[in-house]
Amino acid sequence: MSDRTGEYIAGLFAPEDELLVSLREEADRTGLPPIAVSADEGRLLQVLLTSIRARRVLKVGTLGGYSAIWMARALPEDGELLSIEIEPKHAEFARRYVERAGLADRVEIRVGRALEVLPSLDGERFDAVFIDADKEPMPTYFEWALRLLRPGGLVIADNTLWG
């Protein structure tokens, strides 16, 4: 994407604000893996969720909560985002930033292995599922996403072209 196109899109949609910049900087300082989505990807997630009028979103993989905040901001006031994180210290970091963003009423971060948490959600329905976790079990995450997705819902998977 050219710089002009990126600037145009950034002007149309939400900018990366001070809270998100602070989250990225603290994540770097504290040694969280540098694998969060970019600000452009955060904006794209918002556009996608808005386009399907998402109210309920499932996120597999939380890390520091950067993309969870982008997505939760696209939800209506009664919207819900459930994010699964295997690492308790990452979940606590993300909860702190979700709270600072004023989104604690919309975002739940559940600690556990996704392959153990996903079966506990059987029977629930989500408007969108964002898979952003370890790549080896991606096919199984995808199967669960399809099972939990409402008809016409959206599955988004990050880094699926990696080897």
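Located above this text is the structure these notes cover.
1. Some points on the environment of Asp-158
Inference 1: By the secondary structure assignment, Asp-158 is in the segment after strand S5 (149-157).
Inference 2: As for Asp-158 and Met-138, which are separated by 20 residues in sequence, their C-alpha atoms are 10.0 Å apart.
Inference 3: Excluding its chain neighbours within four sequence positions, the residues that come into contact with Asp-158 are Val-37, Glu-41, Phe-130, Ile-131, Asp-132, Lys-135 and Met-138.

2. Section: the pattern of salt bridges
Opposite charge on two side chains permits pairing when their charged atoms draw close.
Inference 1: Using the criterion set out here, one finds 12 salt bridges in the structure.
Inference 2: Of the charged contacts, one joins Arg-73 and Asp-17 as a salt bridge, the two residues approaching to 2.8 Å between their closest N and O atoms. Placement of Arg-73 in the loop between helix H4 (66-72) and strand S2 (80-85) and of Asp-17 in the loop between helix H1 (3-12) and helix H2 (18-29) is noted, with a sequence separation of 56 residues between them.
Inference 3: Arg-73 sits in the partly exposed class, given a relative accessible area of 29%.
Inference 4: Through salt bridges that share partners, Arg-55, Arg-56, Asp-78, Glu-80 and Glu-124 make up one connected network.

3. Observations regarding the side chain of Arg-106
Inference 1: Among the structural elements, Arg-106 can be located in the loop between helix H5 (88-100) and strand S3 (107-111).
Inference 2: Among buried Asp, Glu, Lys and Arg side chains, Arg-106 stands out as unpaired, with Asp-105 the closest opposite charge at 4.3 Å.
Inference 3: At 3.3 Å, the side chain of Arg-106 and the backbone oxygen of Ala-72 are in polar contact.
Inference 4: A polar contact is formed between the side chain of Arg-106 and the backbone oxygen of Leu-75, at a distance of 3.2 Å.
Inference 5: Beyond its immediate stretch of four places on either side in the chain, Arg-106 contacts Ala-72, Leu-75, Pro-76, Glu-77, Gly-79, Glu-80 and Leu-81.

Reading the values: the criteria
Per chain, residue numbering runs from 1 following the sequence as it is written. Restriction of local features to residues with pLDDT of at least 70 applies here, the model being predicted, together with a cutoff of 80 or more for giving and counting side-chain atom pairs; totals for whole chains, interfaces and linings are based on all residues. Each side-chain value is derived from all of the structure's non-hydrogen atoms; neither hydrogens nor water enter the calculation. We count a stretch as a helix when DSSP gives it H or I for four or more residues in a row; a strand needs E for two or more, and each element gets its number in order from the N terminus. Should any heavy atoms of two residues lie within 4.5 Å, those residues are counted as being in contact. The rule for a salt bridge is simple: a side-chain nitrogen of Lys or Arg has to be within 4 Å of a carboxyl oxygen of Asp or Glu. Accessible area is worked out with a 1.4 Å probe on protein chains only. A residue is then buried under 20% of its type maximum, exposed over 50%, and partly exposed in between. For this count, His and the chain ends are skipped, Lys and Arg are scored as positive, and Asp and Glu as negative. For the purposes of these results, a polar contact is taken to be a pair of N or O atoms within 3.5 Å, where, inside protein, one atom must be able to donate a hydrogen and its partner to accept one; residues adjacent in sequence count only when each atom of the pair is a side-chain atom.

Geometric descriptors of this kind do not, in isolation, establish any biological role.
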